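Each chain, letter by letter, is given below.
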Amino acid sequence: MDHQGMIIRPPSEAGSILLQVTLGCSHGKCAFCGAYPDKRFAIKDPETVLADVRLAARHCTDQRRVFLCDGDAMILPQPRLVEILSLIRTHLPWVTRVGTYANAKSLKRKTDAELRELRELGLGIVYMGLESGDDEILRAMGKSGDAACIVKQGRRAKAAGLKLNVTVLNGLGGVERSLAHARATARALTAMDPDQVGALSLMLVPGTPLHERAERGEFVLPDAHGILAELREMLAGTELTRGLFLADHASNYLPLKVRLPSGKGEALAKLDRALRGEGRLRPESARRL
């Protein structure tokens, strides 16, 4: 396939056909993100995408899911997205779900009817970065939209029938705003009520603005104990109708997979034991982005 540069996908899409329909990220201004240093945002030409779909039709008959790369395929104009989803339906009829990253800006550009159209054509899940529910942190990190905007657009995606997976970043408020970050993020997650939360722990990436701030002493990342205390506060304040709260990414010190609301008590007890120094945490050398 015509995969240009580094390909990034959610952990849950590891077994999916990775169909690259855009390059890079349509926003590309988040201070913590070093995902696409080698790419400027661009839309891939239809002929290349069609060739990749035909290639997948010959060689990917055992894969039941497609993930649209790169950072925000939802930003594509509606006719182009419709065309891509129709190609998948025509050439890969065994595919049961298509997924993509999305952000508040790209979702806002779609009408409710357009989101429903995408759902009817096979788009089943969107992965959305909330990162923090604290507007001060979002501004400092260069995110597009405030918490209320991100929550609203996430709720619109759910209302259209799309499964919503929301990512948050523990540590993003630094030591100074750790608890404010945890509490505001819990409120935003509760308001958004996603099907799944992915809680990652911030790792400073060399070359990013946030790494440079940390080098200058302008940002102090919480240590492992601080990250766990923040995660506990966030989980304690998050109320989902029904969904998963996952902190099992390679960046996390203590892997958690929590079914809400039923599993919250057990997970909080596990975090409390870890905060008391009971049990082993993932060592720094084993943590990954």
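Residues numbered from 1 in each chain as written. Predicted model: local features only at pLDDT ≥ 70, side-chain atom pairs only at ≥ 80, totals over all residues. Heavy atoms only, no water.

An unreviewed UniProt entry lists the protein chain under the name Radical SAM family protein, with Pseudodesulfovibrio indicus as the source organism. Listed under Cofactor (unreviewed entry) in UniProt, the entry text for the protein chain is "[4Fe-4S] cluster". (UniProt positions renumbered as here; feature names shortened; annotations may be inferred.)

1. Examining the pattern of salt bridges
Here the idea is simple: oppositely charged side chains can pair when their charged atoms come close. This model, assessed by the stated rule, comprises 14 salt bridges. One salt bridge connects Arg80 with Glu83, and the closest N-O pair in it is separated by 3.0 Å. Placement of the pair is Arg80 and Glu83 together in helix α2 (residues 78–91), with a separation of three residues, close to one helical turn. Here Arg156 and Asp112 are joined by a salt bridge, their closest N and O atoms 2.8 Å apart. A residue pair is termed long-range when its members are at least 10 positions apart, and Arg156 in helix α6 (residues 147–159) and Asp112 in helix α4 (residues 112–120) qualify at 44 residues. A residue is classified by how much of its surface remains accessible, and Arg156, at 16% relative accessible area, is buried. (Salt bridge = Lys/Arg side-chain N within 4 Å of Asp/Glu carboxyl O. Helix = DSSP H or I, 4+ residues; strand = E, 2+ residues; numbered from the N terminus. Buried < 20%, exposed > 50% of the residue type's maximum accessible area, 1.4 Å probe, protein only.)

2. Comments concerning the sheet that holds strand β9 (residues 243–246)
Here eight strands make up an open sheet; going across it, the order is β1-β4-β5-β6-β7-β8-β9-β10 and the pairing mixed. Lying at the two open borders of the sheet, with one neighbouring strand each, are β1 (17–20) and β10 (257–260). The average undirected angle you get between the axes of adjacent strands in this sheet is 20°. (Pairing = 2+ DSSP bridges. Axes fitted to C-alpha atoms, helices over the stretch in contact; angles between N-to-C directions.)

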